[in-house]
Each structure stands twice: as structure tokens, then as C-alpha cells.
Amino acid sequence: MTLRFASDSWWPDLPITSYLFADSGSYLLFLFLEQVIPYPDVLVYWSESPPADLGPPDANAVLLGALSAVSVARFDLAPQLVESGGTLFLYSLGHQRQIGSVAFPLSAEPREDSGP
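Attention here is on the structure that accompanies the text. (Residues numbered from 1 in each chain as written. Predicted model: local features only at pLDDT ≥ 70, side-chain atom pairs only at ≥ 80, totals over all residues. Heavy atoms only, no water.)

With that settled, consider the overall build of the protein. Each helix and strand counted, the protein has 1 helix and 9 strands in total. The N-to-C order of helical and strand elements in the protein reads β-β-β-β-β-β-α-β-β-β. A buried classification covers 44% of the 116 residues belonging to the protein. Sequence-distant contacts in the protein: of pairs separated by 6 or more residues, those separated by 24 or more amount to 54%. (Helix = DSSP H or I, 4+ residues; strand = E, 2+ residues; numbered from the N terminus. Buried < 20%, exposed > 50% of the residue type's maximum accessible area, 1.4 Å probe, protein only. Contact = heavy atoms within 4.5 Å.)

Now for the sheet that holds strand β4 (residues 42-47). The antiparallel open sheet is built from 4 strands, whose spatial order is β5-β4-β7-β8. One side of each edge strand has no neighbouring strand; the edge strands of this open sheet are β5 (62-67) and β8 (97-104). Mean inter-strand twist for the sheet, computed between neighbouring axes without regard to direction, equals 20 degrees. In the sheet, β4 pairs with strand β7 (residues 86-92) via 6 bridges, with the strands oriented antiparallel. By the bridge assignment, S47 is partnered in β7 with T87. (Pairing = 2+ DSSP bridges. Axes fitted to C-alpha atoms, helices over the stretch in contact; angles between N-to-C directions.)

Note on placement: T17 falls in strand β2 (residues 16-23). Residue T17 is classed as buried on the basis of its relative accessible area, which comes to 7%. Separated by 2.7 Å, the side chains of T17 and E34 make a polar contact. If we ignore the near neighbours within four places in the chain, the residues touching T17 are S7, D8, F30, L31, F32 and E34. (Polar contact = N/O pair within 3.5 Å; in protein donor to acceptor, adjacent residues only side chain to side chain.)

Next up on the list: the side chain of S7. Tracing the backbone shows S7 in strand β1 (residues 2-7). There is a polar contact of 2.9 Å between the side chain of S7 and the backbone nitrogen of S9. A distance of 3.3 Å separates the side chain of S7 from the backbone nitrogen of W10, its partner in a polar contact.

This part is about the packing of aromatic side chains. Under the criterion given, the structure shown has 4 aromatic pairs. Between Y19 and F32, the aromatic rings sit 5.2 Å apart at their centres with planes inclined by 85 degrees, giving edge-to-face as the arrangement. Taken together, the residues span a long stretch of sequence, with Y19 in strand β2 and F32 in strand β3 (residues 26-33) at a distance of 13 residues. Taken together, a centroid distance of 5.7 Å and an interplanar angle of 85 degrees make the contact between F21 and F30 edge-to-face. Among the aromatic residues, ring-to-ring pairing joins Y19, F21, F30 and F32 into one connected group. (Phe/Tyr/Trp six-rings, centres within 6.5 Å; stacked < 30°, edge-to-face > 60°.)

Keep in mind that these numbers describe shape and distance, not what the molecule does.
If you want it as C-alpha cells, here you go:
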């Protein structure tokens, strides 16, 4: 497994460090929570385009899973999601709004914004 990206700046207002690994055409995304985030019921979505006005996901958004109070969350990402482009975003059910997003595709070169 190869580390493609490591960043603590994908979610600037949240204490989350992200790691994206690639292995034989598949991708694994790990989100490490540095501390409890102040949003209830956070869901992780993928969409071809970002939701409008920080609102709810549209009908085409793909639910990847929940981001719970545990310190590490793992998500399997299909290659077409990472390589074709789109937006990975966090949505708080409790607040009924998007709380962060990052656009794909990322740069082809591996990078590390900051270390763990």
C-alpha cells in the first residue's frame, strides 16, 4: 500500500488528519480525529459536484459511511471516485449542513502537508 496523500488541511476548521492510500487500483481513506468534533451525526459522502449552499446531499451523492467519535475512520473508495473527480464532503445530520469538503482529483504526485 502506497501513501498518496497526507493532510491536516483538508478540513481546515476540524481537527481531522486525512490519509489516502493506493493499492492495486483501489483506494483507502483514513480520517484521524485529533479530538471530538463539535458536530453530531457526521456522515461522509462522495458527489460528482459539491452540494449547493452547504445543504443536504443530492440524490446522486454516495454515502461512504459515518464519522463517529472513534479516533480513526476507514473508507474504501472506488478508483473511479478518486480518479474521475468529484467532492468528498462531511455532512452533519444534527445541524443539517455540510461541515467540510475536499475536491478530487488531487495532484498526481504524492504529497504530505504535515506529518502525524
